[in-house]
Amino acid sequence: MPSHTQTQTQRRRRTGNHDEDEDEDQPRRRQSRRNNDSDDSDASENDQDGDVTMERAGDGEEDQLVKKLVRYALACEYARIPIRRDGIRDKVLGPNARSFRRVFEGAQAQLQRVFGMEMMELPVKEKRTLKEKQKASARKASSQSSSSSRPYILVSTLPREYKSQSIVPPSRIPSTSEEAAYVGFYTMVISLVVLSGGELSDSKLRRYLGRMNASQNLPMDKTDNVLQKIVRQGYVDKVVEKSEGDEDSVTWCIGPRGKIEVPPESIAALVTEVWGELPDDFHKKLSRSLGVQEPRQLDTVPEEG
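Every residue gets a number counted from 1 within its own chain, in the order that chain's sequence is written. Totals for whole chains, interfaces and linings use every residue, but because this is a predicted model, local features are given only for residues with pLDDT of at least 70 and side-chain atom pairs only at 80 or more, for both listing and counting. The basis for every side-chain value is the complete set of heavy atoms in the structure, and neither hydrogens nor water enter the calculation.

## Considerations on the side chain of Glu-261
Phase 1: Along the polypeptide, Glu-261 turns up in helix α9 (residues 256–261).
Phase 2: Only protein chains enter the accessibility calculation, which uses a 1.4 Å probe; a residue is then buried when its area is under 20% of its type maximum, exposed when over 50%, and partly exposed in between. Overall, the relative accessible area of 2% leaves Glu-261 in the buried class.
Phase 3: A 3.5 Å cut-off defines polar contacts: any pair of N or O atoms within that distance qualifies, except that in protein one atom must be a possible hydrogen donor and the other a possible acceptor, and neighbouring residues in sequence count only when both atoms are side-chain atoms. One polar contact links Glu-261 to Tyr-186, side chain to side chain, over a distance of 3.4 Å.
Phase 4: Reaching out from Glu-261, the side chain makes a polar contact with the side chain of Tyr-235 at a distance of 3.0 Å. Under the DSSP-based scheme used, a helix requires at least four consecutive residues in state H or I and a strand at least two consecutive residues in state E, with every element numbered from the N terminus.

Right, here's the structure in full:
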């Protein structure tokens, strides 16, 4: 049997070996903790890099949406079609409808900087007949939305001195002559309506157009077809009131696009150009008819589109 002294010696040896093992394990644990901390730090940096990458990707996607909206606005204006909010959501934004305001503001800035244009809200189309007014009242009472849903058109932001024909000529599509004749025609019709107090009967309009030989001087189409076109594009409104037994009453009024593209100053410039020798009180009477208080503004060059 082992002696008592040998037993104590073996115990001291085992205790010494155990302490040595603990001393060796402590550096391993510290090294393991350092490795774990390093892994956590790398993971954190990778997450931050991922966030930056996602943010850059989001910015890039928004830039593409801005360019897409600019192209959509130019295409609508080329066809003289209003730029509607529903069209922007469906054809431009898609699943990014919540980015409407940022994309719209970015497109506005690019249109102004590159093309000298901006999107402007069209005025509300007036409800002229009793039936239209009743429908509008019912729609307003049932609608809970306070946000504007009016469409837009593109208007020029160029200074007045850059809006001359030598700088901004008529479009070459379909041809320069046809575009110039079309602009002149709807500007003349709008001027006749405005100078008649804002409303013009169909019989009077036909008489005026007959005096100008519109059927012979319009190069693009028949007079009735051109009138339908300017109604469709919003330059004028054709108000038809049904009546029992008698003929329908037809009245011509100014449309939303006509109010924006052909303001009173442009009408005054057109009338001044075609009048010839002006009487002394010409500008005073013209400004009164148009509601323009400052006759010095009557030399404004008419806008084209």
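Having seen the structure, we can now continue with the description.
## Quick notes on the nonpolar core
Generally speaking, soluble globular proteins have nonpolar side chains that are buried together.
Phase 1: Membership of the largest hydrophobic core comes to 29 residues, with the highest contact counts inside it found for Phe-185, Tyr-186, Ile-190, Leu-205 and Ile-230.
Phase 2: Contributing elements (two or more residues each) for this core: α5 (176–195), α6 (202–211), α8 (223–232), β5 (249–254), α10 (264–275) and α11 (282–290).
Phase 3: At 8 residues, α5 tops the list of elements feeding residues into this core.
Phase 4: Each residue touching Phe-185, except ones within four places of it in the same chain, is listed here: Leu-209, Ala-214, Leu-218, Thr-223, Val-226, Leu-227 and Ile-230.
Phase 5: The criterion is simple. A nonpolar core is a set of buried Ala, Val, Leu, Ile, Met, Phe, Trp, Tyr and Cys residues joined through side-chain atoms within 4.5 Å. Leu-69, Phe-104, Met-117 and Met-119 belong to the second largest nonpolar core, which has 20 residues in total. Whether two residues are in contact is decided by their heavy atoms: any pair within 4.5 Å suffices.

## Re the pattern of salt bridges
Phase 1: Each reported salt bridge corresponds to a side-chain nitrogen of Lys or Arg within 4 Å of a carboxyl oxygen of Asp or Glu. Tallied over the full model, the rule gives 11 salt bridges.
Phase 2: The salt bridge partner of Arg-80 is Glu-179, with a shortest N-O separation of 2.6 Å. Taken together, the residues span a long stretch of sequence, with Arg-80 in the loop between α1 (4–78) and α2 (85–93) and Glu-179 in helix α5 at a distance of 99 residues. Each member of the pair, Arg-80 together with Glu-179, is buried.
Phase 3: Where Arg-257 meets Glu-261, a salt bridge forms, and the shortest distance between an N and an O atom there is 2.7 Å. Highlighted residues: Arg-257 and Glu-261, both in helix α9, separated by 4 residues, approximately one helical turn. For the pair Arg-257 and Glu-261, one class covers both residues: buried.

## So, the packing of aromatic side chains
Phase 1: Aromatic pairs are defined between Phe, Tyr and Trp rings, using the six-membered ring for Trp, whenever the two ring centres lie within 6.5 Å; interplanar angles under 30 degrees are classed as stacked, those over 60 as edge-to-face, and all others as tilted. Going through the model one piece at a time under the given rule, you end up with 5 aromatic pairs.
Phase 2: Ring geometry for Phe-100 against Phe-104: centres 5.9 Å apart, planes inclined by 10 degrees, an arrangement best described as stacked. Of the two residues, Phe-100 and Phe-104 both sit in helix α3 (residues 100–115), 4 residues apart, roughly one turn of that helix. Across this residue pair, the class does not change: Phe-100 and Phe-104 are buried.

## Overview of the side chain of Gln-233
Phase 1: With respect to the helices and strands, the residue Gln-233 is situated in the loop between α8 and β4 (236–241).
Phase 2: Leave out the neighbours within four places in its chain, and Gln-233 touches Ala-79, Arg-80, Tyr-182 and Arg-257.

## Structural notes on the sheet that holds β4
Phase 1: Being paired, for any two strands, means DSSP has found at least two bridges between them. Strand order in this open sheet of 3 strands is β3-β5-β4, and the pairing throughout is antiparallel. On the outer flanks of this sheet lie β3 (199–201) and β4, each paired with one strand and no other. Each strand of the sheet is rotated relative to its neighbour by a mean of 30 degrees, with strand direction disregarded.
Phase 2: Both β4 and β5 contribute to a ladder of 6 bridges, which runs antiparallel. Bridge assignment links Val-240 to a residue of β5, and that residue is Val-250.
Phase 3: Set on the sheet, α5 makes contact with β3, β4 and β5; between it and β5 the angle comes to about 105 degrees.
Phase 4: Comment: axis = line fitted to C-alpha atoms, over the contacting stretch for helices; angle = value between 0 and 180 degrees taken between N-to-C directions. Strands in contact with α6 are β3 and β5; relative to β3, the strand with the most contacts, it is inclined by about 80 degrees.

## Quick word on the environment of Lys-238
Phase 1: Turning to its location among the elements, Lys-238 is positioned in strand β4.
Phase 2: Relative accessible area serves as the criterion here: at 42%, Lys-238 is assigned to the partly exposed category.
Phase 3: Linking Lys-238 and Trp-252, residues 14 residues apart in sequence, is a C-alpha distance of 4.9 Å.
Phase 4: Apart from the residues lying within four places of it in its own chain, the contact partners of Lys-238 are Val-231, Val-250, Thr-251 and Trp-252.

## Examining the packing of α5 against α10
Working note: a packed helix pair is described by the angle between its axes plus the distance between those axes.
Phase 1: At their nearest, the axes of α5 and α10 sit 10 Å apart, and the two run at 100 degrees to each other. As the angle between them shows, α5 and α10 are arranged roughly perpendicular. Judged by residue contacts, Thr-187, Met-188, Ile-190, Ser-191, Val-194 and Leu-195 of α5 engage Ile-267, Leu-270 and Val-271 from α10.
Phase 2: Broken down by class, the residue content of the contact of α5 with α10 amounts to 7 nonpolar, 2 polar and no charged. Angular relationships are summarised with four words: roughly parallel below 35 degrees, roughly antiparallel beyond 145, roughly perpendicular across 65 to 115, and oblique for the angles in between. Residue polarity follows a fixed list, in which Ala, Val, Leu, Ile, Met, Phe, Trp, Tyr, Cys and Pro are nonpolar, Asp, Glu, Lys and Arg are charged, and the others, Gly among them, are polar.

## Let's talk about the packing of α5 against α6
Phase 1: Interaxial distance between α5 and α6 falls to 11 Å at its minimum, and their mutual angle equals 135 degrees. With respect to α6, the element α5 is oriented oblique. For the pair α5 and α6, the sense of crossing is right-handed. Contact residues: α5 offers Phe-185, Val-189 and Leu-192, while α6 offers Leu-205, Tyr-208 and Leu-209.
Phase 2: Across the contact of α5 with α6, the residue classes tally to 6 nonpolar, no polar and no charged. Should the near helix be turned anticlockwise from the far one by less than a right angle, the crossing is left-handed, and should it be turned clockwise, the crossing is right-handed.

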